[in-house]
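Tertiary structure, described
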Amino acid sequence: MASKLLSFACIRNENGSSSSRDLSARPHYPSMPKYPKGVSLDDHDNKNKTKGEEENYSESKALFCVIGMTCSACAGSVEKAIKRLPGIKEAVVDVLNNRTQVIFYPDFINEETIRETIEDVGFEATLIEEELTERTFQVCRIRIKGMTCTTCSTTVESVLQGVHGVQKAQVALATEEAEIQFDTKIVNQNQLMEAIENTGFEAILISIGEDMSKIHLEVEGVRTDESFRGIEKALWSISGVEDVEIDPMLRKVSIAYKPDLTGPRNFIQAIESIESRRFKARIFPGGGGREPHKREEIKQYRNSFLWSLVFTIPVFLTSMVFMYIPGIKHVLDAKVVNMLTNGELLRWILATPVQFIIGWRFYTGAYKALRHKSANMDVLIALGTNAAYFYSVFSVIRAATSPTFMGTDFFETSAMLISFIVLGKYLEVLAKGKTSEAIAKLMDLAPDTATLLTLDSEGNVTNEEDIDSRLIQKNDILKIIPGSKVAADGFVVWGQSHVNESMITGESRPVSKRKGDTVIGGTLNENGVLHVQATRVGSESSLSQIVRLVESAQMAKAPVQKFADRISKYFVPLVIVLSLSTWLAWFSAGKFHAYPTSWIPSSMDSFQLALQFGISVMVIACPCALGLATPTAVMVGTGVGASQGVLIKGGQALESAHKVNCIVFDKTGTLTIGKPVVVNTKYLKRVPDFLELVAATEVNSEHPLAKAIVDYAKKYRGDDENQVWPEAHEFESITGHGVKAIVKGKQMLVGNKSLMQNSNVSVPADAEEFLAETEELAQTGILVSINEQIVGILAISDPLKPGAREVISILKSMNIESIMVTGDNWGTAKSIAKEVGIEKVFAEAKPDEKAKKIKELQNSGFIVAMVGDGINDSPALVAADVGMAIGAGTDIAIEAADIVLMKSNLEDVITAIDLSKKTFSRIRLNYIWALGYNILGIPIAAGVLFPSTRFRLPPWVAGAAMAASSVSVVCCSLLLKYYKRPKKLETLEIRGIQVE
């Protein structure tokens, strides 16, 4: 059996090409989606249309006001009903503003049909004659090469913020990236990159826009510029192409496109169909992103360090070791010209490449900083090494021109300083690379290959083909075999299996998947073959959105970072003053004999001793450690959070979360599961096939309560798949009341008490009594009438999430107050609050009233976190100090929240708060280390201990200590990678309290 399963695996050839094979077993899809004007799935969402052809079926937008929606379940019902209609391209539902926007093909459907469909679901809908204004703001990310400390990043950030048209700019030292929000009508990305390069740093565009994907192709067979122009023209003719860039030297074509309209296979097909079909296109090898850049940076520093060792080790040996070996000492001390020795000349020759070739980066960095009237670490290194090197050059030249001068050179100081600093930078970039491992791991979740299925017009599988997963396009049908990863976001069209989603959502147990269920790209299929229709690819995929969210979080600065930014403005100038003061103090003391001559080493005079103290002060000071203290901890913390299913949107959220002492919970979908279920049934009269009749009536309704009843009937019959209910005639949905229909010749009414009263159906006393009981228990009573007689009542409830009571109890033990604010009635709210253990309740609150309540709590001195479903709780999420949005792994684009809990799991509230506390304590420790190191190191380097202990810090040792300080701060942050959730939560898991 295992061998048979493996025979279905996706096999990628060495050259990256795909292989095809016919199938003997071909599953059939009885109800595949229909496309306008006969477009089938084989067309992959009109993939071969040109712009001219697209006009044949133009698109229209319609905006509806939808009254009656209260939660995400309502929104899902409306959206699903609209998308089932023919000729619908997209539907977006905004519960908070009661709006629904629909993009449709007017040749196949009109606004009135869409409006009627919404009302059939059970809501009131009105068409709004309003045009949406086009957004002109765009976000781009740019990699900045050459930044060394906080001063560099602050300089670039201030320059970008000064550009007209830039709304917001963030520059992160740890990631060496800038994220800029700008008005495209005023400024473009090329002008932004030019502004960065004018500050002296190299700028590389990473991405622009949020709605576009980008792919890089390598084209073989191109020999002339004319051919490239032909390729560019062919690509521009494809609908959905936003930008085309060509690099003739690398034979590289970069295409930005909208995945809704086109995809990479279209581009390859367009290129290969040009002229005599002599061009061949494939995915450009090597890819992009942070990793290649980081590997290149690590390689550069490693090579620089190794080359510096080639020259520095001989300099060190000739000045520190060989002088004690008699034979070699005699050769080195031999005179060349006047008092110039072989040793001095050799050290000069060896130290010069280290100073001006290996150390050139420090000169360029210092020049860039000084040009913009700022000073950074490069200025300190350049000043320190130049002082040692040029004093040594002066000493050597004077020895060569004087028959009596006996000087001492410090070539080993400058060479060893640069070597140790380069080693420190090498170790630092290695460690910084590990801080972003979370992103690399997320990106690695996507499989390399996918199996693409070809279907005929009837939905039969005719062929399967292994392709590069980057070539997947929207609406492709993909085959997912057991043990392989899901290649793209989509929904199951055939098959049944269990999928492990822990790598995306953090949910430890496999989730059952069958026809109609959604799957997330990068998750692992455990058993059973699935056929999945891709719905979100490229930059739209859940994985891409998670990566983008984590990257944005790592860009955002924590408020505590401002402390380091303030210090960095004055740090380097202060160190230069201290260094000069140290040299002057020791030189003056020596000149006026303020200390005994016995203090001066035999190989030096008082000037040289003072110079060494001054250089040591200059090179031991480390602004880098201060600059890296916060961003590295935030990078690791957000990465760890992502692996735990907690997406933290930056340092601001981390800093605020660790202070939280009050948490406000929404009820529906937060404390409760958010999915109504039938919990009790009361029969007033015995009716054969009672549930079958009720389900047949409700199956035509999209209302969440109707779905709960149908699901309950399915489980009662013991068959969840392929249910066939009796046909309902004269079906009518009555908004806010219920439904009515004729089933098996019986007049059915299913709904609330007002529906019965309006239909002249009397409600007996025992039914009234049962309804009162259900209300006390926070349940909804649904009355069922057959032929104008009430025969039964269904009690529907939104049950508490497993572990909700325990989570509230743990929060109490952490001295965090829990409050519930809900739009539901007081009876239901008090019942749920009592069950979960919350004492303070505010019910019947509208979205704006929830926000006001949070403001009141803040004015009372609380640091407030709001936990909600991220839809109708948006105002409250924004108003709170920390907004936490409960949502599944696919719902990660919740703008209002600071923290997104990907598992609909309340215990992650505790994880988020605990992780923020651990991260912030690590930031504090980093600052204590960085400041303590400078506060202790500078006085020691200045010679405070020298009078009493004769201990002095040679400049090369001071340089090594400076390099080590940055590495130690990064390594301290890396310890967060070993974060473990609180033991109290582990106890919950042991007891089996988990959220489905």
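Residues numbered from 1 in each chain as written. Predicted model: local features only at pLDDT ≥ 70, side-chain atom pairs only at ≥ 80, totals over all residues. Heavy atoms only, no water.

Keep this limit in mind: UniProt positions are given in the numbering used here, feature names are shortened, and annotations may be inferred rather than shown by experiment.
The protein appears in an unreviewed UniProt entry as P-type Cu(+) transporter from Papaver nudicaule. Per UniProt, the protein has the following entry under Catalytic activity (unreviewed entry): "Cu(+)(in) + ATP + H2O = Cu(+)(out) + ADP + phosphate + H(+)". Per UniProt, the protein carries the Sequence similarities (unreviewed entry) text "Belongs to the cation transport ATPase (P-type) (TC 3.A.3) family. Type IB subfamily."

**Digging into the overall build of the protein**
Keep this limit in mind: Numbering goes from the N terminus for both helices and strands, where a helix is a DSSP run of H or I of at least four residues and a strand is a run of E of at least two. What makes two residues a contact is simply this: any of their non-hydrogen atoms within 4.5 Å. Under the convention used here, a 1.4 Å probe and the Shrake-Rupley method define accessible areas, while residue burial counts only the protein chains that appear.
If you tally the helices and strands in the protein, you get 34 helices and 37 strands. Counting only contacts in the protein whose residues sit at least 6 apart along the sequence, the fraction spanning at least 24 positions is 72%. As displayed, the protein offers around 44100 Å² of accessible surface, 54% of which is attributable to carbon and sulfur atoms.

**Focus on the sheet that holds strand 5 (residues 124-128)**
Our working definition: Two strands are counted as paired when DSSP detects at least two bridges linking them. Axis angles are defined between N-to-C directions and span 0 to 180 degrees, where every axis is a line fitted to C-alpha atoms and, for a helix, only to the segment in contact.
The strand order across the open sheet formed by four strands is 3-4-2-5, and the pairing between neighbours is antiparallel. Pairing within the sheet leaves two strands with one partner each, and these edge strands are strand 3 (88-94) and strand 5. Pairs of neighbouring strands in the sheet enclose a mean axial angle of 25°, with direction left out of account. Here strand 2 (residues 60-67) pairs with strand 4 (residues 99-104) via six bridges, running antiparallel. Directly across from Cys 65, in strand 4, lies its bridge partner Arg 99.

**Observations concerning the packing of aromatic side chains**
Stated formally: Only rings of Phe, Tyr and Trp enter the pairing, Trp through its six-membered ring, and a pair is recorded when the two centres are within 6.5 Å. The plane angle decides the type: under 30 degrees is stacked, over 60 is edge-to-face, the rest tilted. Per-residue accessibility, obtained with a 1.4 Å probe over protein chains only, is compared with the maximum for each type, and a residue is labelled buried under 20%, exposed over 50%, and partly exposed between these values. Placement of a positive charge over a ring is assigned whenever Lys NZ or Arg CZ falls within 6 Å of the ring centre and within 35 degrees of the normal to the ring plane.
Here the structure, examined in full by the defined rule, presents 22 aromatic pairs. An angle of 10° between the planes, with centres 5.5 Å apart, marks the rings of Tyr 595 and Trp 599 as stacked. In this pair, the class of Tyr 595 matches that of Trp 599, namely buried. If you follow Lys 252 out to its NZ or CZ, it ends over the ring of Phe 284, 5.0 Å from the centre.

**A short note on the nonpolar core**
Inclusion rule: By nonpolar core we mean a set of buried residues, namely Ala, Val, Leu, Ile, Met, Phe, Trp, Tyr and Cys, connected to one another through side-chain atoms within 4.5 Å.
Within the largest apolar cluster, 143 residues are counted, with the highest numbers of intra-cluster contacts made by Ile 180, Leu 192, Ile 663, Met 884 and Ile 899. By residue number, the principal contributor to this core is helix 31 (residues 907-942), which donates 13 residues. Formed by 39 residues, the second largest nonpolar core is a distinct cluster that contains Ile 268, Phe 279, Leu 478 and Leu 530.

**A short note on helix 18 (residues 561-591)**
Defined as follows: Multiplying one less than the number of residues by 1.5 Å gives the expected span of a helix. One axis fitted to the seven residues ending at a residue, another fitted to the seven starting there: the angle between these axes is the bend at that residue.
Over its 31 residues, helix 18 runs 44 Å from end to end, which matches the ideal 45 Å to within 8%, given 1.5 Å per residue. The principal kink in helix 18, of about 35°, is found at Phe 571, preceding the proline Pro 573 by one to four residues. Buried residues of helix 18: Gln 561, Ala 564, Asp 565, Ser 568, Phe 571, Val 572, Val 575, Ser 579, Thr 582, Trp 586, Ala 589 and Gly 590, and no others. In this structure, the buried residues of helix 18 make contact with helix 5 (150-161), helix 13 (377-401), helix 19 (606-620), helix 20 (623-643), helix 31 and helix 32 (946-949).

**As for unusual backbone geometry**
Most peptide bonds take the trans configuration, and most residues that are not glycine carry a negative phi. Here Asn 475, not a glycine, exhibits a phi torsion of approximately 75°, which is positive. Among the structural elements, Asn 475 can be located in the loop between strand 17 (461-468) and strand 18 (477-480). Residue class for Asn 475 comes out buried when judged on its relative accessible area of 11%. Phi at His 593 is positive, roughly 55°, even though this residue is not glycine. Mapping His 593 onto the fold places it in the loop between helix 18 and helix 19.

**Examining the sheet that holds strand 10 (residues 213-220)**
One open sheet holds the four strands; their spatial order is 11-12-10-13, and the pairing between them is antiparallel. On the outer flanks of this sheet lie strand 11 (241-247) and strand 13 (280-283), each paired with one strand and no other. The average undirected angle you get between the axes of adjacent strands in this sheet is 25°. Bridging between strand 10 and strand 13 involves four bridges; their strand directions are antiparallel. For Glu 218, the partnering residue across the bridge sits in strand 13 and is Arg 282. Across the sheet, helix 7 (residues 225-236) touches strand 10, strand 11 and strand 12 (252-257), and the angle it forms with strand 11 is around 165°.

**Points about the environment of Ser 539**
Among the secondary structure elements, Ser 539 is positioned in the loop between strand 24 (530-536) and helix 17 (542-555). Its relative accessible area of 12% is what places Ser 539 among the buried residues. Residues Ser 539 and Ser 213, spaced 326 residues apart in sequence, show a C-alpha to C-alpha distance of 5.1 Å.

**Points about the packing of helix 31 against helix 33 (residues 955-974)**
Let me state the cut-off plainly: Orientation categories follow fixed angle ranges, with anything under 35 degrees roughly parallel, anything over 145 roughly antiparallel, 65 to 115 roughly perpendicular, and all other angles oblique. Only Asp, Glu, Lys and Arg are considered charged in this grouping, and only Ala, Val, Leu, Ile, Met, Phe, Trp, Tyr, Cys and Pro are considered nonpolar; every other residue, Gly among them, is considered polar.
It is the contact of helix 31 with helix 33, at a shortest axis distance of 9 Å, that shows an interaxial angle of 175°. When the axis of helix 31 is compared with that of helix 33, the two are roughly antiparallel. Facing helix 31, whose interface residues are Arg 922, Leu 925, Asn 926, Trp 929, Ala 930 and Tyr 933, helix 33 presents Ala 958, Ala 961, Met 962, Ser 965, Ser 968, Val 969, Cys 972 and Ser 973. Per-class residue counts for the contact of helix 31 with helix 33 are nine nonpolar, four polar and one charged.

**A word on the pairing of strand 2**
As defined by bridge partners, strand 2 adjoins strand 5 across five bridges and the pair is classed as antiparallel. In the sheet register, Ile 67 faces strand 5, and the bridge partner there is Glu 124.

**Examining the UniProt feature "transmembrane region" (unreviewed entry) in the protein**
Here, UniProt's "transmembrane region" (unreviewed entry) annotation points to residues 304-325, 345-363, 375-394, 414-431, 570-589, 609-629, 927-947 and 953-976. Split by type, residues 609-629 is 90% helix and 0% strand. Its first and last C-alpha atoms lie 34 Å apart. Secondary structure content for residues 927-947 is 86% helix and 0% strand, and the end C-alpha separation is 30 Å.

**Here's the deal with the confidence of the model for the protein**
The condition is simple: A residue's pLDDT is simply how confident the predictor is in it, with values from 0 to 100.
On average, the protein scores 81 in pLDDT, and the residues at 70 or more come to 86%. Long-range and interchain partners of residues 131-135, a stretch whose pLDDT sits below 50, account for two contacts in this model, where long-range means more than four residues apart. Note that pLDDT drops below 50 for residues 990-996; the model gives that stretch 17 contacts with residues more than four away or on any other chain.

**As for a negative patch on the surface**
The condition that has to hold: The patches reported here contain residues having more than 30% relative accessible area and no salt bridge. Joining distances are 9 Å for like charges and 5 Å for nonpolar side chains (Val, Leu, Ile, Met, Phe, Trp, Tyr). Note on definitions: salt bridges are taken to be side-chain nitrogens of Lys or Arg within 4 Å of carboxyl oxygens of Asp or Glu. Just so you know, the count uses Lys and Arg for positive and Asp and Glu for negative, and it drops His and the chain ends. In this description, the location of a charge corresponds to atom NZ of lysine, CZ of arginine, CG of aspartate or CD of glutamate.
Taken together, the side chains of Asp 766, Glu 769, Glu 773, Glu 775 and Glu 776 present a region of like negative charge at the surface. Among the secondary structure elements, Glu 769 is positioned in helix 26 (residues 765-776).

**Structural notes on the pattern of salt bridges**
In the structure shown here, the tally under the stated rule is 26 salt bridges. Across the pair Asp 409 and Arg 347 runs a salt bridge, and its minimum N-O distance is 2.9 Å. Placement of Asp 409 in the loop between helix 13 and helix 14 (411-435) and of Arg 347 in helix 11 (residues 342-358) is noted, with a sequence separation of 62 residues between them. For the residue pair Asp 409 and Arg 347, the accessibility class agrees, reading buried in each case.

**Some thoughts on the environment of His 729**
The residue His 729 is located in strand 28 (residues 728-734) in this model. Residue classification places His 729 among the partly exposed residues on the basis of a relative accessible area of 41%. For the pair His 729 and Lys 740, spaced 11 residues apart in the sequence, the C-alpha separation amounts to 9.3 Å. Among residues more than four places away in sequence, those in contact with His 729 are Ala 741 and Ile 742.

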